Amino acid sequence: GIQVEQSPPDLILQEGANSTLRCNFSDSVNNLQWFHQNPWGQLINLFYIPSGTKQNGRLSATTVATERYSLLYISSSQTTDSGVYFCAPRGWYGGSQGNLIFGKGTKLSVKP
Amino acid sequence: DSGVTQTPKHLITATGQRVTLRCSPRSGDLSVYWYQQSLDQGLQFLIQYYNGEERAKGNILERFSAQQFPDLHSELNLSSLELGDSALYFCASSVGGAASGNTIYFGEGSWLTVV
């Protein structure tokens, strides 16, 4: 199955700083989602981004499927951005799409 | 609010017992997925249903079973519970089946503690 590697595993930022989170995956995918898990455990969908670039407020994401990686940019970070960010590509099984495969995540702590 | 509803939110039970977790997908979604998140295993896919039929199976133990009902809600049954089953169980839903590309939305999860 698909292997997913996220880096860095841990990240500490001062409020207002920018950051880039990276996700590498081992096989071709045609669907990839980024999630934010907040300190209460909720998994919040950030982006559905199989390819290209999308922006939503201070967050943006880029997926280069041919090179098997995706990036999540967080600008002007806020304390509410703290939590764990997961990349989850969706591979192919038997000719149809499989299920989301989660990486181990990047744990982000934003200090005031 | 993702629109996926899970109950109960928290559950504490003893080893050897059986529990049922319930999930109502987003309106119009035909696919339901179950995931388990534990400290040592991370987020793992358990099982998927599409319009009432099992579509895919992941790392689901034989002690666990699930079904999707005609009204599309789903239940995950966990039996002969062990301490290691303590985890956060997520239900997720999407519009189509595995063959269609679409966003998968997650519920808030059910926290299960086995004591």
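The structure presented is a predicted model; accordingly, all values stated were derived computationally and were not measured.

Trainee: Quick question: what am I supposed to make of the overall build of chain A here?
Mentor: Regarding its fold elements, chain A presents zero helices and eleven strands. Starting at the N terminus and walking to the C terminus, you meet the elements of chain A as β-β-β-β-β-β-β-β-β-β-β. Computed over C-alpha atoms, the radius of gyration of chain A comes to 14 Å, within 12% of the 13 Å expected from 2.2 N^0.38 for 112 residues, which places it in the range of a compact globule. Viewed in the frame of its principal axes, chain A has a C-alpha envelope of about 50 × 25 × 20 Å. Residues counted as buried form 49% of the 112 residues belonging to chain A. Taking the intrachain contacts of chain A between residues at least 6 apart in sequence as the baseline, contacts between residues at least 24 apart amount to 55%. Summed over its atoms, the accessible surface of chain A is roughly 5,300 Å², and 49% of this surface lies on carbon and sulfur atoms. One way to put it: in chain A the 8 positive side-chain charges average out to a point 4 Å from where the 6 negative ones average out.

Trainee: I would appreciate a short explanation of the environment of A:N18 in the present structure.
Mentor: Residue and element names in this part refer to chain A. Structurally, N18 can be placed in the loop between β2 (10-14) and β3 (19-25). With 45 residues separating them along the chain, N18 and T63 place their C-alpha atoms 19 Å apart. Excluding anything up to four places from it in sequence, N18 contacts L13, I74, S75 and S76. At 2.8 Å, the side chain of N18 and the backbone nitrogen of S76 are in polar contact.

Trainee: Hey, could you run me through the nonpolar core in this one?
Mentor: Across soluble globular proteins, you tend to see nonpolar side chains buried next to one another. Ranked by internal contacts, the top residues of the largest apolar core, which has 21 residues, are A:L21, A:W34, A:L46, A:F47, A:L72, A:Y85 and A:L108. For this core, the secondary structure elements donating two or more residues are β2, β3, β4 (31-37), β5 (43-48), β7 (59-64), β8 (69-74), β9 (83-93) and β11 (106-111) of chain A. Core analysis: the next-biggest nonpolar cluster, separate from the first, contains 20 residues, B:W34, B:I60, B:L76 and B:L78 among them.

Trainee: How should I be thinking about the sheet that holds β7(A) in this particular structure?
Mentor: Within a sheet, neighbouring strands are paired by backbone hydrogen bonds and run either parallel or antiparallel to one another. Residues and elements named next belong to chain A. Pairing is antiparallel across the open sheet formed by five strands, whose spatial order is β1-β3-β8-β7-β6. Only two strands of the sheet have a single partner each, and these edge strands are β1 (4-7) and β6 (52-56). Taking each pair of neighbouring strands and ignoring which way they run, the sheet shows an average axis angle of 15°. As judged from the five bridges shared by β6 and β7, these two strands associate in the antiparallel manner. Note on β7: the bridge partner recorded for N56 is L59.

Trainee: It is not clear to me how the packing of aromatic side chains should be interpreted in this structure. Could you clarify?
Mentor: Each aromatic ring pair is described using two quantities: the centre-to-centre distance and the angle formed by the ring planes. Under the counting rule described, the total for this entry stands at nine aromatic pairs over all chains. Among the aromatic side chains, those forming a connected cluster through ring pairs are A:F35, A:F86, A:F102, B:Y35, B:F45, B:F90 and B:F106. Across the ring face of A:Y69, the terminal group of A:R22 is positioned such that the distance to the ring centre comes to 4.3 Å.

Trainee: Just to check I follow, could you spell out the state of the cysteines for this structure?
Mentor: Put plainly, two cysteines are in a disulfide when a covalent bond ties their sulfur atoms together. For the structure shown, the criterion picks out two disulfides over all chains. Here A:C23 is linked by a disulfide to A:C87, with a sulfur-sulfur distance of 1.9 Å. The disulfide joining A:C23 to A:C87 has a torsion of about -55° about its S-S bond and is therefore left-handed. Taken as a pair, A:C23 in strand β3 and A:C87 in strand β9 lie far apart in primary sequence, 64 residues in all. Each of the two residues, A:C23 as well as A:C87, counts as buried. Each sulfur in the disulfide pair B:C23 and B:C91 lies 1.8 Å from the other. Handedness here is read from the sign of the S-S torsion; for B:C23 and B:C91, about -60°, the answer is left-handed. Placement of B:C23 in strand β3 (residues 19-24) and of B:C91 in strand β9 (residues 87-94) is noted, with a sequence separation of 68 residues between them.

Trainee: How should I be thinking about the interface of chain B and chain A in this particular structure?
Mentor: Frequently, the measure chosen for interface size is the accessible area that the parts lose on association. Residue-level contacts link 21 residues of chain B with 17 residues of chain A. Approximately 1,500 Å² of surface area, both sides summed, lies buried where chain B meets chain A, with 53% of it carried by carbon and sulfur atoms. On the surface where chain B and chain A come into contact, there are zero salt bridges. Summed over the shared surface of chain B and chain A, the number is seven residue pairs in polar contact (both at pLDDT 80 or more). Put simply, the parts of the chain that give the side of chain B that touches chain A at least two residues each are β4 (31-38), β5 (42-50), β9 and β10 (105-106) of chain B. Classifying every residue of the side of chain B that touches chain A by side-chain character gives 13 nonpolar, seven polar and one charged.

Reading the values: rules and limits
Residues numbered from 1 in each chain as written. Chains lettered and ligands numbered in written order. Predicted model: local features only at pLDDT ≥ 70, side-chain atom pairs only at ≥ 80, totals over all residues. Heavy atoms only, no water. Helix = DSSP H or I, 4+ residues; strand = E, 2+ residues; numbered from the N terminus. Rg over C-alpha atoms; globule rule 2.2 N^0.38 Å. Buried < 20%, exposed > 50% of the residue type's maximum accessible area, 1.4 Å probe, protein only. Contact = heavy atoms within 4.5 Å. Areas by Shrake-Rupley, 256 points an atom, 1.4 Å probe, with all protein chains shown as cover. Lys, Arg positive; Asp, Glu negative; His and termini not counted. Charge placed at Lys NZ, Arg CZ, Asp CG, Glu CD. Polar contact = N/O pair within 3.5 Å; in protein donor to acceptor, adjacent residues only side chain to side chain. Core = buried A, V, L, I, M, F, W, Y, C linked by side-chain atoms within 4.5 Å. Pairing = 2+ DSSP bridges. Axes fitted to C-alpha atoms, helices over the stretch in contact; angles between N-to-C directions. Phe/Tyr/Trp six-rings, centres within 6.5 Å; stacked < 30°, edge-to-face > 60°. Lys NZ or Arg CZ within 6 Å of the ring centre and 35° of its normal. Disulfide = S-S within 2.5 Å. Buried area = accessible area lost by both parts, 1.4 Å probe. Salt bridge = Lys/Arg side-chain N within 4 Å of Asp/Glu carboxyl O. Nonpolar A, V, L, I, M, F, W, Y, C, P; charged D, E, K, R; others polar.

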